[in-house]
Amino acid sequence: SLKYIGATIRFQKTLMQPLDAFSLKLYNYMWLVIATGEIMNGGIPMSLIQKEIADFSVQCYQNNAFRTATKADVLGKWSVFFFYPADFTFVCPTELEDLANKYADFQAAGCQVYAVSCDTHFVHKAWHDASERIQKIQYPMLADPTHALAKDFEVYIEADGVAERGTFVVNPEG
């Protein structure tokens, strides 16, 4: 099930049940990253709580190699999906660097981080090779040129062909 942890305490108070210890720990780790904005649909915050992610198979770039990432990789552990508009932009590297700096903490908590944009895995590699900030990233950078993930997580901006910023915590059941 998807759990969007919003940038405001207001959202946390609207949950049907209190955050468990792990979710609260993730919330504390991510408050700077999440503060980039809430996912909006016509000005109304969206919620994907209790929505299962669709099957997917995408290319990713991680540890100087390309590989395929699938829904099966997500199942069985907590995951954080961080969507951002595009590689080679001036704002996104700082957000991705913040996640990279906390990646060991996420791993220690049993959580995998996935960065997702609508760029290809080749563009992810080129950005990684060109940017000192992006070179710090050890987590998978998922390529979503078909927009399948962005649409499933309801962050796709069709007019621009990019994803909005959005951060999602996915439980081990997907």
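A brief report on the enclosed structure follows. Quantities reported herein were computed from a predicted structural model and do not represent experimental measurements.

1. Considerations on the pairing of strand 5 (residues 65-70)
Okay, step 1: Sheet topology note: the strand 4 (residues 57-62)/strand 5 ladder contains 6 bridges and is antiparallel. Within strand 5, the position partnered with Q59 by the bridge is T68.
Okay, step 2: From the end of strand 4 to the start of strand 5, which pair antiparallel, there are 2 residues, and N63 there has a positive phi angle of about 50 degrees.

2. Considering helix 4 (residues 92-108)
Okay, step 1: Taking 1.5 Å as the rise per residue, helix 4 with 17 residues should run 24 Å; its terminal C-alpha atoms sit 25 Å apart, in good agreement.
Okay, step 2: At K102, helix 4 is bent by approximately 50 degrees, the largest bend along its length.
Okay, step 3: Inspection of helix 4 places C92, P93, E95, L96, E97, L99, A100, Y103 and F106 among the buried residues, and these make up the whole buried set.

3. Considerations on unusual backbone geometry
Okay, step 1: Despite not being glycine, N63 has its phi angle at roughly 50 degrees, a positive value.
Okay, step 2: Position of N63 among the secondary structure elements: in the loop between strand 4 and strand 5.
Okay, step 3: Although it is not a glycine, E154 adopts a positive phi angle of roughly 60 degrees.
Okay, step 4: Structurally, E154 can be placed in the loop between helix 7 (148-152) and strand 9 (156-157).
Okay, step 5: E154 sits in the partly exposed class, given a relative accessible area of 36%.

4. Considerations on the environment of H121
Okay, step 1: As for its position among the elements, H121 is in helix 5 (residues 121-130).
Okay, step 2: For H121, a relative accessible area of 13% translates into the label buried.
Okay, step 3: Placed 24 residues apart in sequence, H121 and P145 show a C-alpha to C-alpha distance of 8.9 Å.
Okay, step 4: Once you skip the residues sitting within four places of it in the chain, H121 turns out to touch Q59, C60, Y61, F66 and A143.

5. Observations regarding helix 5
Okay, step 1: Those residues of helix 5 lying buried are H121, H124, W127 and H128. Angularly, the buried residues of helix 5 cover 120 degrees about the axis, an arc narrow enough to put them on a single face. Seen from the buried face of helix 5, the exposed residues on the opposite side, beyond 90 degrees, are F122 and A130.
Okay, step 2: Where helix 5 is buried, its residues touch strand 4, strand 5, helix 4, strand 7 (111-117), helix 6 (132-135) and strand 8 (141-143).

6. Quick look at the nonpolar core
Generally speaking, soluble globular proteins have nonpolar side chains that are buried together.
Okay, step 1: In this structure, F81, F83, L142, L149 and F153 are the most contacted members of the largest nonpolar core, which totals 20 residues.
Okay, step 2: For this core, the secondary structure elements donating two or more residues are strand 4, strand 6 (78-83), strand 7, helix 7 and strand 11 (166-170).
Okay, step 3: Other than its neighbours up to four places away in sequence, F83 contacts V116, L149, A150, F153, V155, A163, E164, R165, G166 and F168.
Okay, step 4: Among the nonpolar cores identified, the runner-up in size contains 19 residues, and L96, L99, Y103 and I134 belong to it.

Definitions and cut-offs
- Residues numbered from 1 in each chain as written.
- Predicted model: local features only at pLDDT ≥ 70, side-chain atom pairs only at ≥ 80, totals over all residues.
- Heavy atoms only, no water.
- Pairing = 2+ DSSP bridges.
- Helix = DSSP H or I, 4+ residues; strand = E, 2+ residues; numbered from the N terminus.
- Expected span 1.5 Å × (residues − 1).
- Bend = angle between axes of the 7 residues up to and from the residue.
- Buried < 20%, exposed > 50% of the residue type's maximum accessible area, 1.4 Å probe, protein only.
- Contact = heavy atoms within 4.5 Å.
- Arc of directions from axis to C-beta.
- Core = buried A, V, L, I, M, F, W, Y, C linked by side-chain atoms within 4.5 Å.

From the geometry alone we can't say anything about function, so treat these as descriptive.
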